[in-house]
Every structure is written in structure tokens, then in C-alpha cells.
Amino acid sequence: MKNLLVTGGAGFIGSNFARYMLGKYPAYCLVVYDKLTYAGNLENLRDVETNSRYAFVRGDICDASGVERAVREHAIDTIVNFAAETHVDRSIMDADAFIQTDVYGTYVLLEAAKKFGLRYHQVGTDEVYGWVEQGSSREGDPLEPRSPYAASKAGGDLLIHAYFITHDVQTTITRGANNIGPYQFPEKAVPLFVTNAIDNIPLPLYGDGKQQRDYQFVLDHCEAIDLVLHRGKIGEVYNVGTGVETHNIDMARLVLKLLNKPESLIQHVVDRKGHDRRYSLDVSKLRALGWEPAHTFEAGLAQTVKWYVENEWWWRKLKSGEYREYYRKQYEERK
Ligand code: NAD
Ligand code: DAU
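A quick note: this is a predicted structure, and the numbers were derived from the prediction, not measured.

1. Some words on the state of the cysteines
Then, number 1: Summed over all chains, the structure comprises zero disulfides.
Then, number 2: Unpaired in this structure, Cys222 has its nearest cysteine sulfur neighbour in Cys29, at a distance of 19 Å.

2. What about empty space enclosed by the protein?
Then, number 1: In total, this model carries two cavities of 30 Å³ or more according to the counting rule given.
Then, number 2: Across the lining of the second largest cavity, the residue classes tally to two nonpolar, three polar and five charged.

3. Quick notes on the packing of helix H8 (residues 248-258) against helix H10 (residues 297-310)
Then, number 1: Two elements in contact, H8 and H10, have axes separated by 10 Å at closest approach and are oriented at 50°. As summarised for this structure, H8 and H10 are arranged oblique, according to the angle between their axes. In terms of crossing hand, the pair formed by H8 and H10 is right-handed. Of H10, the residues touching H8 (which contributes Met251, Leu254, Val255 and Leu258) are Phe297, Glu298, Leu301, Ala302 and Val305.
Then, number 2: Class assignment for the residues of the contact of H8 with H10 results in eight nonpolar, no polar and one charged.

4. With respect to the site of ligand 1
Then, number 1: The environment of ligand 1 is formed by 28 residues, the closest being Ile13, Asp34, Thr86, Tyr149 and Lys153.
Then, number 2: In the environment of ligand 1, an oxygen atom lies 3.0 Å from a nitrogen or oxygen atom belonging to the backbone of Thr37.
Then, number 3: Separating a nitrogen atom of ligand 1 from a backbone N or O atom of Ile61 is a distance of 2.9 Å.
Then, number 4: For ligand 1, whose accessible area on its own is 840 Å², the fraction buried by protein is 96%.
Then, number 5: Elements represented by at least two residues in the shell around ligand 1 include exactly helix H1 (12-24), strand E5 (119-125) and helix H5 (148-167).
Then, number 6: Tallying contributions element by element places E5 first for the shell around ligand 1, with three residues.
Then, number 7: Its residues assigned to classes, the shell around ligand 1 comprises twelve nonpolar, twelve polar and four charged.

Reading the values: rules and limits
Residues numbered from 1 in each chain as written. Chains lettered and ligands numbered in written order. Predicted model: local features only at pLDDT ≥ 70, side-chain atom pairs only at ≥ 80, totals over all residues. Heavy atoms only, no water. Disulfide = S-S within 2.5 Å. 1 Å grid on protein atoms, 1.4 Å probe; cavity = no way out; pocket = protein on both sides within 12 Å on 5 of 7 lines; lining within 4 Å. Points joined across faces, edges and corners; volume = space filled by probe spheres on them. Nonpolar A, V, L, I, M, F, W, Y, C, P; charged D, E, K, R; others polar. Axes fitted to C-alpha atoms, helices over the stretch in contact; angles between N-to-C directions. Helix = DSSP H or I, 4+ residues; strand = E, 2+ residues; numbered from the N terminus. Parallel < 35°, antiparallel > 145°, perpendicular 65-115°, else oblique. Left-handed = near helix turned anticlockwise from the far one by under 90°. Contact = heavy atoms within 4.5 Å. Near = heavy atom within 4 Å. Polar contact = N/O pair within 3.5 Å; in protein donor to acceptor, adjacent residues only side chain to side chain. Areas by Shrake-Rupley, 256 points an atom, 1.4 Å probe, with all protein chains shown as cover.

Following this line, the structure appears as C-alpha cells:
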């Protein structure tokens, strides 16, 4: 492994991964290939721009010729795919781009991996298992996605399995729980709540707020991807999470406590359609490879809140333009 194509690397997790890999592996070159949708942002990568082992290519993973050109020109040997439409609420409003990017785009990348003999890693999600009422999901459990986002990600996972079996493409998949940390677009619950609270704007909590998520710190997730990329068994899937579940209302309360804001800012609003009340991952397979998360939920959230407090330059301008229109559509009728 020497030349990595990090698709979707201008987004939240991909940009953290790019920074982490450039720092950790002095012999690796890294090309971020990204369409720069509303969620992609080159400012996430500002501090690595001058690194001679880093390059950026603007491109769509659905564009086979663009992908092949990037692979050839940069002598790519490995694809790590973060590129996706990722926000469940947007997939409920309009699923089109989700099917395009998360299913068809994955197919295009797999075709390139097949043609050029590339190692392929897919950054997947725990949402493919659906609402877990009891127990915890293991990697072999059936996929029962319940939102258009989760279904499109499940479609990608199934294609990957098929390309491993049929074409012997060297694949791995990680299925991660909710990430928190620097550079997360402020439409997702944690950065939305943090930035709203800073501005004394209500925190729109869906339904009773008793839904459970495993909020893991993004760098722990990046370490897990790195580990599976290097030591995971080809053809396999690995769950990634802390195994600790938190109710959304407790996450919101802790955000307010960290910012010294009143709990009266929490506003219960109409629930998300088809809302999965709980995800829960069994992460023993990944732990057997030697991985342990370095951050507790409390420590990860504190670090996240601190970053948003110190980096208003980054998020304040994102909460304008198209974002305002999205926010109005998404929240106005929920009150
Ligand atoms: P994000 O929305 O912050 O970033 C997605 C990136 O993909 C953006 O830079 C965007 O421009 C790019 N992109 C979108 N469509 C593209 C296309 N057609 N071609 C090229 N680039 C395109 O997402 P994220 O939160 O960083 O998630 C990254 C990956 O991790 C996704 O695959 C997501 O499903 C998965 N994941 C996310 C979480 C989470 O909590 N955020 C948890 C588990 C798994
Ligand atoms: O589980 C992994 C997934 O985590 C990733 O695959 C997705 O890409 C990522 O977006 C995330 O999905 P969620 O739907 O869990 O994340 P989100 O931040 O949108 O919501 C977290 C929880 O908070 C969820 O139960 C819904 C709730 N919520 C969300 C928003 C945006 C609210 O209560 N209010 C809100 O305004």
C-alpha cells in the first residue's frame, strides 16, 4: 500500500482520516477525490494542502472515466471510500442522490478496483442493521435498513460482497456507529446542537429524545479503519463503535452543560419518520484485532464542543445560504 485514493475525503470523517494517515505513514501518498457537494469542504483539509504527499482531485465517484483517470495518473493501489450522501433526514426528503452515489457510485469504484487490481475498503454504517430492539448486531446479522439512506448504504455493502465473491476484488468493510468531532457539517445532531446552543437557538430534539446512539470520537473510527485496512481479513466486515449507548436527550443535556447553557433550550419537535430508536454494535471482532477506542463519550463530546467554540470561522459561514433553506424546510413544520 502506497498510493491511496480517499474518495469523499473532503467530508467530515474522510478529512480527519486523510490528516491522520498523512501523519502516521510518511511513505504514503494520498489523493482526495471528492465531488464537493454541500457536505464537502476543502477548508477541512486546509492544514494538509501544502503536504507534498497530498493531492486533491475534484470528481464524482459515479463518473467512471474520472475515477479511472485519477487511478492511472496517481498510480493508485488502494481505494478507501468515504464518498456518500450521509444525512438520513435529507434521504427522507429526496433519496435520488443517495441511490446514485451510495449504490451506483460504489459500483463504479468496484469496477475500477476490479480493472486495476486495487485493494478496496468501504466505510459503512451500523444503520444497515436497522432498529435493534434487543441485543447487539454482529457482522453476519441480516441487513434490515429502514431509511432510504440506510438502504442505499446496504446496497453498496451487498455489491462489495458480490465483487469479492465473483471477481475476487480485495475488499473489507467497516460499519461504524455515529461519529462526533471536528469538521462535522452542522446539520447532524451533535454539531447542530452545539452551534445552536452557542447562539442560544433551541435544540430541536426529535420525539421523546429517548433514542439511543453510540457516539464515538472520529479519530477512534479513523484508527479502526486504518487497522482493518492493514490487518483486516479480506472479504470481511468489521463493526466499529464504543459499545456504549447514549440517549439523545442525555447527549443534548451534556452539550448544554459543557457550554453552560440552560436545559430550557431543548425543544421537543415532531419525530423523524421511521426513526430507528436504537442501534447497538457488537464490536468483539474488531477488538480481537487489538482495537480499543481511546475516548469515552464524555471526553469525545467535550473535545468536540471545545473545537466548535474555538472554530467559529469554520462553521458560521456554513449555516447560511442553502443551509438556511434546508433548516426552514426541515424544522419549520416540526414545532
Ligand atoms: P459527509 O457527508 O461529511 O461527507 C461526504 C463526502 O462525500 C463529502 O465530502 C462529499 O462532497 C463527498 N461526496 C458525496 N457524493 C459524492 C460523489 N458522488 N462523488 C464524490 N464525492 C462525493 O460524510 P461523513 O459523515 O464524513 O461520512 C463518510 C462516510 O462514513 C460515509 O460513507 C458514511 O456513510 C459513513 N459513516 C458515517 C458516520 C457518521 O456518523 N458520520 C458513521 C458511520 C459511517
Ligand atoms: O449510525 C451511523 C450514522 O450516524 C451514519 O451512517 C450517518 O451518516 C450519520 O448521519 C449518523 O446518522 P444519525 O441519523 O444517527 O445521525 P444524526 O446526527 O442525524 O442524528 C442523531 C440522532 O439525533 C438521531 O437519533 C436523530 C436525532 N436528531 C437528529 C437531528 C438532526 C434529533 O433529535 N434532532 C435533530 O435535529
